[in-house]
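Residue-level listing of the chains:
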Amino acid sequence: MRKIKIAPSIMCADLLNLERDVRRLEKGGARLFHFDIMDGTFVPNIALGAGIVKAVRASTRHPLDTHLMIIHPEKYIRQFADAGSDIISIHAEATVHLDRALQAIKDAGARPAVALNPSTPLNSIRHVLDKTEVVLVMAVNPGFAGQAFIPGTVRKVADLRKMLQENGAERVEIEVDGCVNDRTIAMFLEAGANIFVGGTAGIFTKEGTDITASLSRLYANARSSLKDILRKGGAGSRKWWTQKN
Ligand code: DX5
Ligand code: ZN
């Protein structure tokens, strides 16, 4: 059975009390943590680095999901793998050697993932699906937390699921990043995504919020939405969700 995974975005946590937040998120059900790495060139913002991945690595046994929003990602793959990343996503738009870079992630011992900006067509990854374990679909333009959701990305996830099925790549997981909340998660689950980045929309909703409670609520609502989808949906969606990965 495909598993729902909600990966809290470390960028949105309280960096002065990061270990405390990691514990609170684990208590709320976190089994994957997401790192937004920004270089100020690929995206108009600068955030996080390999040091923070390494620090969290020492504090949790759960997998770490590193999202490189940087140009020339191939230069830093080894560094982020060595810091303890289990999944490394690179943007298809950020390298002219996507196939080579995905191979480099695998060679460095991490799970290769490819990320797509909202306006990047799915066709740009069709020929690297055999080297990809996760496709990360941006539901906002990358660079900042707290942005407005781009509705067309739901259709994009549904098209991606179709493309994976047509290419015998059902084992690939679909991750959504940006504006993940109860409402959007239900739409993306129906479209076929199973990994969700939780930022200010769904977990760190305001300063001082109880992040254990907000994460476990987000999980509970996602699970009940999926139950409804499987109950109402046809054999097609049941087949997708029971696929082992
Ligand atoms: C954008 C970031 C955000 C963030 C998620 O580049 O990757 O998607 O972590 O946060 P919210 O929920 O604020 O969109
Ligand atoms: Zn991200």
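Cut-offs and rules
- Residues numbered from 1 in each chain as written.
- Chains lettered and ligands numbered in written order.
- Predicted model: local features only at pLDDT ≥ 70, side-chain atom pairs only at ≥ 80, totals over all residues.
- Heavy atoms only, no water.
- Helix = DSSP H or I, 4+ residues; strand = E, 2+ residues; numbered from the N terminus.
- Buried < 20%, exposed > 50% of the residue type's maximum accessible area, 1.4 Å probe, protein only.
- Contact = heavy atoms within 4.5 Å.
- Areas by Shrake-Rupley, 256 points an atom, 1.4 Å probe, with all protein chains shown as cover.
- Lys, Arg positive; Asp, Glu negative; His and termini not counted.
- Charge placed at Lys NZ, Arg CZ, Asp CG, Glu CD.
- Near = heavy atom within 4 Å.
- Polar contact = N/O pair within 3.5 Å; in protein donor to acceptor, adjacent residues only side chain to side chain.
- Nonpolar A, V, L, I, M, F, W, Y, C, P; charged D, E, K, R; others polar.
- UniProt positions renumbered as here; feature names shortened; annotations may be inferred.
- Pairing = 2+ DSSP bridges.
- Donors = N, O, S within 2.8 Å, 3.2 Å for Na, K, Ca; no water.
- Tetrahedral: all angles 85-135°; square planar, octahedral: opposite > 155°, others 65-115°.
- Expected span 1.5 Å × (residues − 1).
- Phe/Tyr/Trp six-rings, centres within 6.5 Å; stacked < 30°, edge-to-face > 60°.
- Lys NZ or Arg CZ within 6 Å of the ring centre and 35° of its normal.

A.B. asks: For this particular structure, what's the right way to read the overall build of the protein chain?
C.D. replies: Scanning the protein chain from N- to C-terminus turns up eight helices and nine strands. Seen along its three principal axes, the alpha-carbon backbone of the protein chain occupies a region of about 45 × 40 × 30 Å. Looking at the 245 residues of the protein chain, the share that counts as buried comes to 55%. Counted over contacts in the protein chain with a minimum sequence separation of 6, partners at least 24 positions apart contribute 66%. Of the roughly 11,000 Å² that the protein chain leaves accessible, carbon and sulfur atoms contribute 51%. Side-chain charges in the protein chain split into 33 positive and 26 negative, and the spacing between the mean points of these groups amounts to 6 Å.

A.B. asks: What is the right way to look at the site of ligand 1 in this model?
C.D. replies: Taken together, the neighbourhood of ligand 1 is formed by 16 residues, with D36, G143, G146, D177 and T200 sitting nearest. The side chain of S9 places a nitrogen or oxygen atom 3.1 Å from an oxygen atom of ligand 1. T200 has a polar side-chain atom sitting 2.4 Å from an oxygen atom of ligand 1. Protein contact buries 100% of the 370 Å² of open area that ligand 1 shows by itself. Tallied by class, residues from the shell around ligand 1 come to eight nonpolar, six polar and two charged.

A.B. asks: Is there a simple way to explain the UniProt feature "binding site: substrate" (unreviewed entry) in the protein chain in this structure?
C.D. replies: Look at the UniProt record and you will see "binding site: substrate" (unreviewed entry) annotated at S9, H67, G143, F144, A145, G146, G199 and T200. Along the chain, G199 falls in the loop between β9 (195–198) and α7 (211–232). Not counting chain neighbours up to four residues away, the residues in contact with G199 comprise S9, C12 and F204. The residue T200 is located in the loop between β9 and α7 in this model. Engagement of the side chain of T200 in a polar contact is seen with the backbone nitrogen of G146, the distance being 3.3 Å.

A.B. asks: How do you make sense of unusual backbone geometry when you look at a structure like this?
C.D. replies: Excluding glycine, most residues fall at negative phi; most peptide bonds, likewise, are trans. Although it is not a glycine, H72 adopts a positive phi angle of roughly 50 degrees. Inspection of the secondary structure assignment puts H72 in the loop between β4 (64–69) and α3 (77–82).

A.B. asks: How do you make sense of the sheet that holds strand β5 (residues 87–91) when you look at a structure like this?
C.D. replies: In a beta sheet, neighbouring strands are held together by backbone hydrogen bonds and run either parallel or antiparallel to one another. Pairing is mixed across the open sheet formed by nine strands, whose spatial order is β1-β9-β8-β7-β6-β5-β4-β2-β3. The open sheet has two edge strands, β1 (5–8) and β3 (46–47), and neither has a second partner. Here two bridges tie strand β8 (residues 173–177) to β9, and the two strands are oriented parallel to one another. Each residue of the ladder has a partner; that of V176, found in β9, is F196.

A.B. asks: Help me out: how do you make sense of the coordination of the zinc ion (ligand 2) in this one?
C.D. replies: Where a metal carries four tetrahedral donors, each ideal angle is 109.5 degrees; where it carries six octahedral donors, the ideal angles are 90 or 180 degrees. At the metal site, the zinc ion (ligand 2) is ligated by H34 (NE2), D36 (OD), H67 (ND1) and D177 (OD), and these contacts range over 1.9 to 2.2 Å. One can describe the site at the zinc ion (ligand 2) as irregular: its four donor atoms subtend angles covering 95 to 150 degrees at the metal. Read from N- to C-terminus, the donor residues coordinating the zinc ion (ligand 2) fall into the pattern H-x1-D-x30-H-x109-D. Here H34, found in strand β2 (residues 33–39), pairs with D177, found in strand β8; they are 143 residues apart in sequence, far enough to count as distant. No difference in accessibility class separates H34 from D177, as the two residues are buried.

A.B. asks: Quick question: what am I supposed to make of helix α5 (residues 152–166) here?
C.D. replies: Three or four residues apart is the spacing at which side chains of an α-helix point the same way, because the helix has 3.6 residues per turn. Here α5 contains 15 residues, and its C-alpha end-to-end distance of 21 Å stays within 8% of the 21 Å for a straight helix at 1.5 Å per residue. When we look at burial in α5, the residues that qualify are T153, V154, K156, V157, L160, R161, M163 and L164.

A.B. asks: What's the story with the packing of aromatic side chains in this structure? I'm lost.
C.D. replies: The way to describe two aromatic rings as a pair is by their centre distance and the angle between their planes. The tally for this structure, following the rule as stated, stands at one aromatic pair. The interplanar angle of 85 degrees and the centroid separation of 5.8 Å between the aromatic rings of F149 and F188 together place this pair among those described as edge-to-face. Here F188 lies in helix α6 (residues 182–191) and F149 lies in the loop between β7 (134–138) and α5, a separation of 39 residues in the sequence. For the cation-ring pair, R2 lies above W240, with the distance from its terminal atom to the ring centre recorded as 3.6 Å.

A.B. asks: What am I meant to see in the UniProt feature "binding site: a divalent metal cation" (unreviewed entry) in the protein chain here?
C.D. replies: As recorded in UniProt, the feature "binding site: a divalent metal cation" (unreviewed entry) lies at H34, D36, H67 and D177. Separation in sequence by 144 residues is not matched in space for these annotated residues, since their most distant C-alpha atoms are only 10.0 Å apart. Structurally, the position occupied by H67 is in strand β4. Setting aside chain neighbours within four positions, we find H67 in contact with H34, F35, D36, I37, S89, H91, A115, L136, M138 and D177.

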